[in-house]
Amino acid sequence: MFKSYIEEWLSNPGKNLLAGIVVALVLIPEAIAFSIIAGVDPMVGLYAAFIIATTTSIVGGRPAMISGAAGAVALIVTPLVREHGVDYLFAATILMGIIQLLLGILKIGRLMKFIPRSVMIGFVNALAIMIFMSQLEHIFGISISTYIYIAITLLIVYIVPKYFKAIPAPLIAIILLTTLYMVTGSNVRTVGDLGTITRAFPNFLIPQVPFNLETLTIILPYSLSMAIVGLVESLLTAKIVDEATDSHSNKNKESRGQGIANIITGLFGGMGGCAMIGQSVINVKSGATSRLSTFTAGVFLIILILLLGDIVVQIPMPILAGIMVMVSISTFDWKSFKYVKQAPRTDAVVMILTVIIVLFTHNLAIGVIVGVIFSSLFFATKISNVHVHQTIENHFYKYAFTGQIFFVSIDSMMNQLDFSIENSQIELDFTHAHLWDDSAVNAIDSMVKKFEDKNNTVFVKQLNTDSRKIISELSQLNETHLT
């Protein structure tokens, strides 16, 4: 185990260090932008990015994944900050972390297996579209120089890796084009135009809020929403990074790690956050494979703030926007157009619905939850068709059932039976059926009673082991009925 942990930190250190540096530079404008969305000082988002990245690199479950201040969480807390102030945000963030920690202890990660592929594809595509749309304000309607910087950035990040991979292409673009800006003074917006960077470490603080039931009533709804949104986005991002790196991560450990990180960031004046798929994709595309990349991103971010703040504010925004455009293009699952044509219609609908809900609400968690619900409904409908085959011979009726019998399928099953039969022997054959719940057992009891009320003799045959077990525990039938 110790050897495995060392490998998670020290495998290919050079590439992981460089990848972390690239991510740190991209984190800055994102953190500032999310702070503005939440209605707080830019440093609240920057401190959160530093603390969450470094903490999750140590206690999280997914190496090479980047976590920090996130837009989905920022959108949730905007009303809280507006109505009650920033200290209530810090308190809500701490409670968010506690909830996530508890959910991790309760092994919430196991729920990932209930998210179908169609929802995953919808999640990824919606996120790619959101990343692209978030960059439009930094691209259009500004200046000709902005378009030139965007074009050169995209050329660098797409062409350079074909011939030179020792240094991540995004880092080359940032260094070269920032130097060009500092020399020429081009007419472009910079990181400094988004907000002021204060060159100081975060300080430990206890939120200045009354510690009473009224405060809990105010922050709990926000904390629950933040915790759920944060975990959904984090665990889905972890799964995506798993697939991109062909590796496995501990989702329950990641849940606990996210919780610990948010508790700490709330105690040091940061906003809540979670995994960030855009930055995680940049990290992986830059060659990152280990925890060192995530740790480097957080540490280099605070170094940039403390030592190089005057230079950081001069980084042109079109460079970072160009990198994020590359990320959105890489993130989007272009095979999904083929998927829509070839996949079952219900799966295609779920995928498209997930995308629409996410884009409409700007909330990834809501989109995923709605997608899972509809996928479950479609699946339940698909397997709810129970076929009943009837054979008759000299007042001997045999009903052979085929399919899954549960609360959804009962009506269609009962409608295929002829309850007008009288004075006959009836056999109910479940060789090719399975009973799943109390509703199924109640349906069997009901059909037996209806047949017996017409003076019929009824036998229930060929129940499999699990079906017989649930019948024995919940049914009103006696042994004479079962053969």
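Described in the following lines is the structure provided in the data block. (Residues numbered from 1 in each chain as written. Predicted model: local features only at pLDDT ≥ 70, side-chain atom pairs only at ≥ 80, totals over all residues. Heavy atoms only, no water.)

Examining the environment of valine 448
Relative to the elements of secondary structure, valine 448 occurs in helix α19 (residues 438-452). C-alpha separation for the pair valine 448 and leucine 353, spaced 95 residues apart in sequence, amounts to 43 Å. Excluding its chain neighbours within four sequence positions, the residues that come into contact with valine 448 are Leu428, Val458, Val460, Leu477 and His481. (Helix = DSSP H or I, 4+ residues; strand = E, 2+ residues; numbered from the N terminus. Contact = heavy atoms within 4.5 Å.)

Notes on the pairing of strand β5 (residues 425-435)
The buried count for β5 comes to eight of 11 residues, which makes it a mostly enclosed element. Traced from β5 through α19 to strand β6 (residues 457-461), the parallel crossover comes out right-handed. (Buried < 20%, exposed > 50% of the residue type's maximum accessible area, 1.4 Å probe, protein only. Right-handed = clockwise from strand over helix to strand, strands pointing away.)

Digging into the sheet that holds β5
Pairing in this open sheet of four strands is mixed, and the strands run β3-β4-β5-β6 from one edge to the other. This sheet does not close on itself; its edge strands, each paired only once, are β3 (387-393) and β6. Taken over all neighbouring pairs, the strand axes of this sheet differ in orientation by 15 degrees on average, direction set aside. Taken together, the seven bridges between β3 and strand β4 (residues 396-405) define a ladder with antiparallel strand orientation. Pairing of glutamate 393 across the sheet is with phenylalanine 396, part of β4. Strand contacts of α19: β4, β5 and β6, with the helix running at about 170 degrees to β5, the strand carrying the most contacts. (Pairing = 2+ DSSP bridges. Axes fitted to C-alpha atoms, helices over the stretch in contact; angles between N-to-C directions.)

Side note on unusual backbone geometry
Even without being glycine, lysine 107 reaches a positive phi, approximately 60 degrees. Along the chain, the position of lysine 107 falls in the loop between α5 (86-105) and α6 (117-135). The exposure class of lysine 107 is partly exposed, given its relative accessible area of 42%. One non-glycine residue, asparagine 423, adopts positive backbone phi at about 50 degrees. Inspection of the secondary structure puts asparagine 423 in the loop between α18 (410-414) and β5.

Points about the packing of α6 against helix α14 (residues 317-331)
Relative orientation of the contacting elements α6 and α14 amounts to 160 degrees, with a least axis distance of 8 Å. Looking at the two axes, α6 sits roughly antiparallel to α14. Relative to α14, the crossing made by α6 is left-handed. In this structure, α6 uses Val124, Ala128, Ile131, Phe132 and Gln135 to contact α14, whose residues at the interface are Leu320, Ala321, Met324, Val325, Val327, Ser328 and Thr331. When grouped by side-chain class, the residues that make up the contact of α6 with α14 number nine nonpolar, three polar and no charged. (Parallel < 35°, antiparallel > 145°, perpendicular 65-115°, else oblique. Left-handed = near helix turned anticlockwise from the far one by under 90°. Nonpolar A, V, L, I, M, F, W, Y, C, P; charged D, E, K, R; others polar.)

Notes on the nonpolar core
Ile28, Leu46 and Phe123 are the most contacted members of the largest nonpolar core, which totals 103 residues. Examining the composition of this core, we find that 11 residues originate from one element, helix α2 (residues 13-38), more than from any other. The residues touching isoleucine 28, leaving out its near neighbours within four places in the chain, are Leu46, Val191, Ile197, Leu301, Leu304 and Val312. Listed in part, the 31 residues of the second largest apolar core include Met414, Ala443, Met447 and Phe451. (Core = buried A, V, L, I, M, F, W, Y, C linked by side-chain atoms within 4.5 Å.)

Looking at a nonpolar patch on the surface
On the surface, Leu155, Tyr158, Ile159, Tyr163, Phe164, Ile167, Ile329, Trp334 and Phe337 cluster together into a nonpolar patch covering about 960 Å² of accessible area. The greatest single-element share of the nonpolar patch, amounting to four residues, is contributed by helix α7 (residues 144-163). Within the secondary structure layout, leucine 155 lies in helix α7. (Patch = residues over 30% accessible without salt bridge, like charges linked within 9 Å, V, L, I, M, F, W, Y side chains within 5 Å. Areas by Shrake-Rupley, 256 points an atom, 1.4 Å probe, with all protein chains shown as cover. Salt bridge = Lys/Arg side-chain N within 4 Å of Asp/Glu carboxyl O.)

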